[in-house]
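# Fold and geometry: a report
Each chain, written out:
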Amino acid sequence: MLDGITGTIAIGVMVASAVVGDRASKKREKAFWERYGSFEGFRGQVDEEKIQRVRREQGDVASIKLVRQTYPYVSLLLAKRYVEELPA
């Protein structure tokens, strides 16, 4: 009996987390487009030298993390795209 209740609670928590995560994602996406207008608009505002330096010294993951920390409206996918498209 307890396993059924625990399972139901776990499913409820997972569904609630998914809904909250989806709302946050949509909110971040809307804020990104309002702030930058496009990926190119975002790219024009990034301190490219700083990101490239971190990429050279610490790697892609650290530079993607820095993009996300510095520009909180940028999704993980766009931060990754930005770093991958940087000139070598």
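Residues numbered from 1 in each chain as written. Predicted model: local features only at pLDDT ≥ 70, side-chain atom pairs only at ≥ 80, totals over all residues. Heavy atoms only, no water.

This part takes up the overall build of the protein chain. Assigned secondary structure in the protein chain consists of five helices and zero strands. Ordered by position from the N terminus, the helices and strands of the protein chain form the series α-α-α-α-α. Looking at the protein chain residue by residue over its 88 residues, the buried ones come to 23%. Long-range contacts, defined here as pairs at least 24 residues apart, represent 56% of the contacts in the protein chain between residues at least 6 apart. On the protein chain, roughly 6500 Å² of surface is accessible, and the fraction owed to carbon and sulfur atoms is 58%. (Helix = DSSP H or I, 4+ residues; strand = E, 2+ residues; numbered from the N terminus. Buried < 20%, exposed > 50% of the residue type's maximum accessible area, 1.4 Å probe, protein only. Contact = heavy atoms within 4.5 Å. Areas by Shrake-Rupley, 256 points an atom, 1.4 Å probe, with all protein chains shown as cover.)

As a further point, take the confidence of the model for the protein chain. Counting all residues, the mean pLDDT for the protein chain is 86, and 77% of those residues have values of 70 or more. Ranking the elements of the protein chain by mean pLDDT puts helix H1 (residues 2-36) last, at 74, and helix H4 (residues 60-70) first, at 97. (pLDDT = per-residue confidence, 0-100.)

Let us look at the side chain of Gln-52. When you line up the elements, Gln-52 lands in helix H3 (residues 48-58). Apart from residues no more than four positions distant in its own chain, Gln-52 is found in contact with Leu-86 and Pro-87.

Another point: the nonpolar core. One recurring pattern in soluble globular proteins is that nonpolar side chains are buried together. Grouped together as the largest cluster of nonpolar side chains are 17 residues, with contacts concentrated most on Phe-42, Ile-51, Val-67, Tyr-71, Val-74 and Tyr-82. Those elements that provide at least two residues to this core are H1, helix H2 (39-43), H3, H4 and helix H5 (76-85). Residue contributions to this core peak at four residues, all from H5. Residues contacting Val-67, with those up to four places away along its chain left out, are Phe-42, Ile-51, Val-74, Ala-79, Tyr-82 and Val-83. (Core = buried A, V, L, I, M, F, W, Y, C linked by side-chain atoms within 4.5 Å.)

Looking now at H4. Of all the residues in H4, the buried ones are Ser-63, Ile-64, Leu-66 and Val-67. The buried residues of H4 occupy an angular sector of 155° when projected down its axis, which confines them to one face. With respect to the buried face of H4, the exposed residues turned more than 90 degrees away are Val-61, Lys-65 and Gln-69. Turning to H4, the residues buried within the fold contact H2, H3 and H5. (Arc of directions from axis to C-beta.)

Our next topic: the packing of H4 against H5. Across the interface, H4 lies against H5 with an axial gap of 9 Å and an inter-helix angle of 125°. With respect to their mutual orientation, H4 and H5 come out oblique. The way H4 lies across H5 gives a crossing that is right-handed. Touching Asp-60, Ser-63, Ile-64, Val-67 and Arg-68 of H4 are Leu-76, Ala-79, Lys-80, Tyr-82 and Val-83, all from H5. Split into classes, the residues belonging to the contact of H4 with H5 amount to six nonpolar, one polar and three charged. (Axes fitted to C-alpha atoms, helices over the stretch in contact; angles between N-to-C directions. Parallel < 35°, antiparallel > 145°, perpendicular 65-115°, else oblique. Left-handed = near helix turned anticlockwise from the far one by under 90°. Nonpolar A, V, L, I, M, F, W, Y, C, P; charged D, E, K, R; others polar.)

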